[in-house]
Amino acid sequence: MQSIEKTENAAVESPAHEDAFFDAEVDPSIVYPSYKSFDEFIDVERLRSLDGYITQKIKRRIAAQSDYRFYTGPYRLQNNAPEHPGTRMIYLSYSEMPDSYFDLDRTELWHPTANASEFALLMDFIGTLPFKSTGRMLIMYDDVARPVTAHRDHIETELCHDFLWFRTNTKKPFFMLNHKTDEKLYVEGYTAWFDSVNQFHGSDPYDGLSFSIRVDGVFTDEFKANIPKPSFNLASTPSYWACLEKNMKNQAEFV
Ligand SMILES: [Fe+2]
């Protein structure tokens, strides 16, 4: 079957590649690359236990070759890097509106797809995450050793999406990138909430099947109340939080 292209990000709305190189001011405490792990807030053992279940189902879908191809959009680090790195996407929910990146958290628009029934145990797990409602939910996978081109998801610095990137194993070499210093920070654990605007993210090739899941939605009020927020550039909130914790830890060690 011929596969269909679909973008994971805001490419459709703003197609200028030059915009990938903007630099917006952020709170001086923020250092890139950085991300906030949610491993302390979720049931990591339950997540890991889904590894074989999800792997088996993805392998069946690879045989069927019917999943969407991932499109990086225009905000790539290098203009000559592939827009279609080869990653495939399985949508667990669909929007009743035409595709818009800025509807990811309009949770009332999103409804489960048939894939959600196929991945029922994953959906049960998603129900344990700190969301009061969910919007877009998708699995991204590749079974060939090729990179996911470093990119930003959009360029709206005052827009911060409540989302969680997570995985059932640590195979996918997923990184945040400071494009000014070329420093990469690989996600170490099973979860990440990250600034997808002021830094780049991508993945190195992995020889074999690798996959991750991204769920967008609205965090619970209780969870949101404990998230420290910068006074400007809200897109930097995950990095602001991560750097604040790192600084507090360093100070505690120094004392
Ligand atoms: Fe992305």
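A short tour of the structure in this document, coming up. (Residues numbered from 1 in each chain as written. Predicted model: local features only at pLDDT ≥ 70, side-chain atom pairs only at ≥ 80, totals over all residues.)

### Here we look at helix H2 (residues 51-64)
As a reminder, the rule being used: Numbering goes from the N terminus for both helices and strands, where a helix is a DSSP run of H or I of at least four residues and a strand is a run of E of at least two. The length a helix should cover is 1.5 Å for every residue beyond the first.
An ideal rise of 1.5 Å per residue puts 20 Å on 14 residues; H2 measures up with 20 Å between its terminal C-alpha atoms. Gln65 occupies a position one or two residues after H2 and carries a positive phi of about 50°.

### Considerations on unusual backbone geometry
As a reminder, the rule being used: Three classes are used. A residue is buried when 20 or more other C-beta atoms lie within 10 Å of its own, exposed when 12 or fewer do, and partly exposed in between, with C-beta atoms placed from the backbone.
For the peptide bond that leads from Tyr32 to Pro33, omega is 0°, which places it in the cis range. Looking at the element boundaries, Pro33 is found in the loop between strand S1 (5-7) and helix H1 (44-48). With a phi angle near 55°, Asn233 is a residue other than glycine that sits in the positive phi range. Relative to the elements of secondary structure, Asn233 occurs in the loop between helix H5 (221-225) and helix H6 (237-254). Here Asn233 falls in the buried class, since 20 other C-beta atoms lie within 10 Å of it.

### Here we look at the sheet that holds strand S9 (residues 174-178)
For the record, the criterion: The rule for pairing is simple: two strands pair if DSSP sees at least two bridges between them. Each axis is a line fitted through C-alpha atoms, taken for helices only over the stretch in contact, and angles between the N-to-C directions span 0 to 180 degrees.
Reading across the sheet, the four strands line up as S7-S12-S9-S10 and stay open at both edges, with antiparallel pairing between neighbours. Taken across any chain shown, the strands that pair with only one partner, and hence form the sheet edges, are strand S7 (148-151) and strand S10 (183-186). Neighbour-to-neighbour, the strand axes of this sheet turn through a mean angle of 25°, independent of strand direction. Inspection of the sheet shows S7 paired to strand S12 (residues 200-203) by two bridges, in the antiparallel sense. Looking at the pairing, Val148 lines up with Ser203 of S12.

### Some details on the nonpolar core
Formally: Nonpolar cores are identified as sets of buried Ala, Val, Leu, Ile, Met, Phe, Trp, Tyr and Cys residues joined via C-beta atoms within 7 Å. Once C-beta atoms are placed from the backbone, any two residues with those atoms within 7 Å are in contact.
In terms of nonpolar packing, the biggest core is built from 48 residues, with Tyr35, Leu138, Ile139, Met140, Leu164, Trp193 and Val215 touching the most fellow members. Considering every element that reaches this core, the biggest residue donor is strand S6 (residues 131-142), with six residues. Ignoring any residue separated from it by four or fewer positions in sequence, one finds Tyr35 in contact with Met176, Val187, Ala192, Trp193, Phe194, Pro238 and Ala242.

### Digging into H6
The end-to-end C-alpha distance of H6, which contains 18 residues, comes to 26 Å, matching closely the 26 Å that a straight helix rising 1.5 Å per residue would cover. Thr237, Pro238, Ser239, Tyr240, Trp241, Ala242 and Cys243 are the residues of H6 that are buried.

### Regarding the environment of Ser49
Take Ser49: it is sitting in the loop between H1 and H2. When the 13 C-beta atoms within 10 Å are taken as the criterion, Ser49 is described as partly exposed.

### Side note on the environment of Phe211
In this structure, Phe211 sits in strand S13 (residues 210-219). C-beta crowding within 10 Å serves as the criterion here: with 22 such atoms nearby, Phe211 is assigned to the buried category. When the C-alpha atoms of Phe211 and Thr87 are compared, they prove to be 9.0 Å apart, with 124 residues separating the residues in sequence. Among all residues touching Phe211, those that are not within four sequence positions of it are Ile54, Ile58, Ile139, Met140, Tyr141, Arg167 and Lys172.

All we've got here are geometric facts, nothing functional implied.
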